[in-house]
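Structural description and commentary
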Amino acid sequence: MDLSTLNDMQRKAVLKTDGALLLLAGAGSGKTRVLTYRIAHLINDLEVHPSNILAITFTNKAANEMRERVEGIIGSDAQNMWISTFHSCCVRILRKDIDKIGYTRSFVIYDRSDQMTLMKDCIKELNINDKMYEPKTVLGHISDAKDKMINSKRFKEIHQNDFRMSNIAKVYSLYQERLMRNNALDFDDLIMKAIEILENNEGVLDFYQRKFRYIMVDEYQDTNRAQYKLVNMLAKRHGNLCVVGDDDQSIYGWRGADIKNILEFEKDYEDALVVKLEQNYRSTQTILDAANKVIANNITRKDKKLWTESDLGDRIRTFKSRDEREEGDFIAHSIKKMNNDKGIEYRDCAILYRTNAQSRALEEALIKQNIKYKIFGGIKFYERKEIKDLIAYLRIIQNPVDDISLKRIINVPKRGIGLRTLEKIEDVSLIKKESMYLSLYDAENIDVSTRVKSKLREFTTLISALSAMKDVYCVTKLIEKVLENTGYIKELEKDDSIENQTRIENLKEFLSVAVEFEKTSEEKDLETFLATISLISDMDSSDEDDDYVSLMTLHSAKGLEFPVVFLAGLEEGVFPISRALTDEIELEEERRLCYVGITRAMKTLYMTYASSRTIYGKTNYSRISRFIGELPKDCLKSLNKNEPESKILKKQNSIVEKYKQRHMEKDTKDIDNKEVVLGAKVKHPAFGTGTVVAKNGSTVSIAFDNKGIKSINLEYVKLNVI
Ligand SMILES: Nc1ncnc2c1ncn2[C@@H]1O[C@H](COP(=O)(O)OP(=O)(O)OP(=O)(O)O)[C@@H](O)[C@H]1O
Ligand SMILES: [Mg+2]
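As a starting point, this report considers the structure included with it. (Residues numbered from 1 in each chain as written. Chains lettered and ligands numbered in written order. Predicted model: local features only at pLDDT ≥ 70, side-chain atom pairs only at ≥ 80, totals over all residues. Heavy atoms only, no water.)

Moving on, we come to the overall build of the protein. A tally of regular secondary structure across the protein gives 28 helices and 22 strands. When burial is assessed residue by residue, the protein has 53% of its 722 residues classed as buried. Here the analysis covers contacts within the protein between residues at least 6 apart in sequence; of these, 73% occur between residues at least 24 apart. A total accessible area of about 33,000 Å² is found for the protein, and carbon and sulfur atoms account for 49% of it. (Helix = DSSP H or I, 4+ residues; strand = E, 2+ residues; numbered from the N terminus. Buried < 20%, exposed > 50% of the residue type's maximum accessible area, 1.4 Å probe, protein only. Contact = heavy atoms within 4.5 Å. Areas by Shrake-Rupley, 256 points an atom, 1.4 Å probe, with all protein chains shown as cover.)

By the element assignment, Ser 283 lies in the loop between strand 8 (273-277) and helix 13 (285-295). By relative accessible area, which is 1% here, Ser 283 ends up buried. Leave out the neighbours within four places in its chain, and Ser 283 touches Thr 308, Ser 310, Thr 599, Ala 601 and Met 602.

Our next topic: the sheet that holds strand 2 (residues 53-57). Pairing within the open sheet is parallel, and its six strands lie in the order 3-2-6-7-1-8. Each having just a single partner strand, strand 3 (82-85) and strand 8 make up the two edges of the open sheet. Strand-to-strand twist across the sheet, computed as the mean angle between neighbouring axes with direction ignored, equals 15 degrees. Relative to strand 7 (residues 241-245), strand 6 (residues 214-217) is paired through three bridges, and the arrangement is parallel. Across the sheet, Ile 215 pairs through a bridge with Leu 241, a residue of strand 7. The strands touched by helix 2 (residues 31-44) within the sheet are strand 1 (21-25), strand 2, strand 6, strand 7 and strand 8, with strand 6 carrying the most contacts at an inclination of about 165 degrees. (Pairing = 2+ DSSP bridges. Axes fitted to C-alpha atoms, helices over the stretch in contact; angles between N-to-C directions.)

All right, on to the packing of helix 4 (residues 86-97) against helix 9 (residues 187-200) then. To characterise two packed helices, one gives the angle between the axes of the helices and the distance between these axes. Relative orientation of the contacting elements helix 4 and helix 9 amounts to 55 degrees, with a least axis distance of 9 Å. Of the possible angle classes, the one that applies to helix 4 and helix 9 is oblique. Of the two possible hands of crossing, helix 4 and helix 9 adopt the one that is left-handed. Residues Phe 86, His 87, Cys 90, Val 91, Ile 93, Leu 94 and Asp 97 of helix 4 pack against Phe 187, Leu 190, Ile 191, Lys 193, Ala 194 and Ile 197 of helix 9. (Parallel < 35°, antiparallel > 145°, perpendicular 65-115°, else oblique. Left-handed = near helix turned anticlockwise from the far one by under 90°.)

On to the sheet that holds strand 10 (residues 349-353), then. Across the sheet, which stays open at both edges, the seven strands sit in the order 11-12-10-13-14-9-17 with parallel pairing between neighbours. This sheet does not close on itself; its edge strands, each paired only once, are strand 11 (373-375) and strand 17 (636-638). Averaged over neighbouring strand pairs, the angle between their axes works out to 25 degrees when direction is ignored. With five bridges joining them, strand 13 (residues 562-567) and strand 14 (residues 601-610) adopt parallel strand pairing. Bridge assignment links Phe 562 to a residue of strand 14, and that residue is Ala 601.

Neighbouring ligand 1 are 20 residues; Lys 31, Thr 32, Gln 249, Glu 561 and Arg 600 lie closest to it. Between ligand 1 and Thr 32, the relevant distance is 2.8 Å, taken from an oxygen atom to a side-chain nitrogen or oxygen of the residue. Here ligand 1 has 640 Å² of accessible area as a free molecule, and 86% of this is covered by the chains. Broken down by element, the shell around ligand 1 gets its largest block of residues, three residues, from helix 2. A breakdown of the residues in the shell around ligand 1 according to their chemical character gives three nonpolar, 10 polar and seven charged. (Near = heavy atom within 4 Å. Polar contact = N/O pair within 3.5 Å; in protein donor to acceptor, adjacent residues only side chain to side chain. Nonpolar A, V, L, I, M, F, W, Y, C, P; charged D, E, K, R; others polar.)

This part is about the pattern of salt bridges. Taken as a whole and assessed by the stated rule, the structure comprises 39 salt bridges. Ionic pairing is found between Glu 327 and Arg 613, a salt bridge with its closest N-O pair at 3.1 Å. Of the two residues, Glu 327 sits in helix 14 (residues 324-342) while Arg 613 sits in strand 15 (residues 612-615), which places them 286 residues apart along the sequence. Take Glu 327 and Arg 613: they sit in the same class, and that class is buried. Of the charged contacts in the structure, one is a salt bridge between Asp 389 and Arg 408, with a shortest N-O distance of 2.8 Å. Here Arg 408 lies in helix 17 (residues 403-409) and Asp 389 lies in helix 16 (residues 385-398), a separation of 19 residues in the sequence. Among the residues examined, Arg 408 registers a relative accessible area of 33% and is labelled partly exposed. (Salt bridge = Lys/Arg side-chain N within 4 Å of Asp/Glu carboxyl O.)

On to the pairing of strand 13, then. In terms of residue burial, strand 13 counts as a mostly covered element, since five of its six residues are buried. For the crossover from strand 13 across helix 25 (residues 584-598) to strand 14, the handedness is right-handed. (Right-handed = clockwise from strand over helix to strand, strands pointing away.)

Next up, the structure:
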């Protein structure tokens, strides 16, 4: 095994395979690389069987990357190895032995919305006031308890003198009972139940303790008590445990991650070797300086040195936009330009943001520029169920013969038209060779009960009423009517789970799409709207090509690296998130998150912020994030006119930017002009819309719809391609 591509300290950590090892080091110093080489060294040089190794990472993406990296070194032998997240590791343990704690192996895992539903039932059943005991809050307490491995019995004992908490204890206990009756586990149970099995079944524990001769945990700073305990138990027999982490990147405090785990490790494993790495191999000097400077503002941290041999590199570009749409356009244009001019591939670029809600404006901008992208840890906007449902309604209204859309929504929300009925309608439509919707008008001929017949009639009345509205109302208004009259929103409001709240927010976001369409499109009818949308959503579900821009939240970006990184939404109240503005501890966690974000970048880093941001139809004006203010001034380059770095912060209070910076406009023009090709439909600021009929260098001839043919020089006029 060639270890010559490691530095001395890294090699030391790779070779120290027996006993305990704590590798503590800053971002990009090669911690994960050490783990990967360690695994390869164990298998290749020490002939350890891959099945004797357990490696734990924080996200599935990180697990896949590690597996790929190991495969790159040792080939397909890596397949037998458990490289997984805590959760998937526990699921494997549970699938094998969960019958030992009263479940069966076919157990299901409840997601957040299932949990909420169950929790509401429990609260109702116990007849306690759900205003005082909000399902979400109660679930939060239970989840905390589970992270600390406190079961419902213990929970009750601990809180016996506290009226409110002992009520929560009752809910906790009923909730667990119900989960068990449904043969279901929630996410936090996965770890807790795995521990329970191991604790109470010596045979099982013995099996895994023997099996896992070598255990490694990446991103150790983000483990909680339960996870620490699990690792500890499994490693007990052989004691070959290697954990790696960086206290500056601890970003899951809100999920019970406990920095004490690092301190305790040195106590639990007295002879642990502690290795520190100080050379960063990932980023340019400028990016590293910026990261170091930002994190130095945190008071509660161990000071660390991190240096690099890399060049200074480019300065960090900041860009202030008017709103989130301009921010998206700027990012998309910049990516396109780098792609055109410098051959930087889409896969080299990542856009990171604080909350999932920020992604839509970014997605739209990328779609407009025809840039492929992939969202990690979230579903693309147009692939979301609620958005697809709504579009299906609009399609049926526009085009009643669309059987596919009809099938999608005829019973959404539930209106008592089941699958059997649907089959019967389909039969009739096949015989009569007409669309299913038309067949519905013949409800008498469909072999269903009178009750169902009247349901079918209600449905056709609903759709035909909405169809009539489409000629009267604008698209936005029509969508509002659809959401209201179909009872779609009402149905979601019935159960106010987090999922449903998100769904409602997404539907409101869709209204913003319609508003935008009406603002920009010449034809404003439903048909054109649907055509526009289907182009977007079609592109959205693009093929399996792997050259795409990565979009994800900062939390999901941990451990990853990209040559070009955009950190978007650097605004007070967005990042740092609003609740951190008044809470020092939260603020420090946000700052660590910023450190994580900055250190994802290898060569080029952009930080963007918007003067105003509309999310869920609400517009907020915000100031530039303090994190930009904390960066060294000589590392920054503002891409806004009249905004040298030193002035950026002074202008924190200026809310609406007067006009777009000129060279940004030039960028836009360069790109747009490339699209002003023969046959393109364009819009001229004075002459309106027209079609390009000839092009000679930067001069084009355009046949305007109302002004005849004119010659336009693209260097002086900005045309919008439509
Ligand atoms: N000795 C080395 N020689 C050359 N490249 C290295 C060396 N060590 C690490 N690298 C490279 O530096 C980059 C960062 O390494 P790695 O991802 O392992 O860092 P990390 O400490 O795990 O970072 P993070 O804290 O962000 O998870 C990778 O591209 C890796 O291949
Ligand atoms: Mg790493």
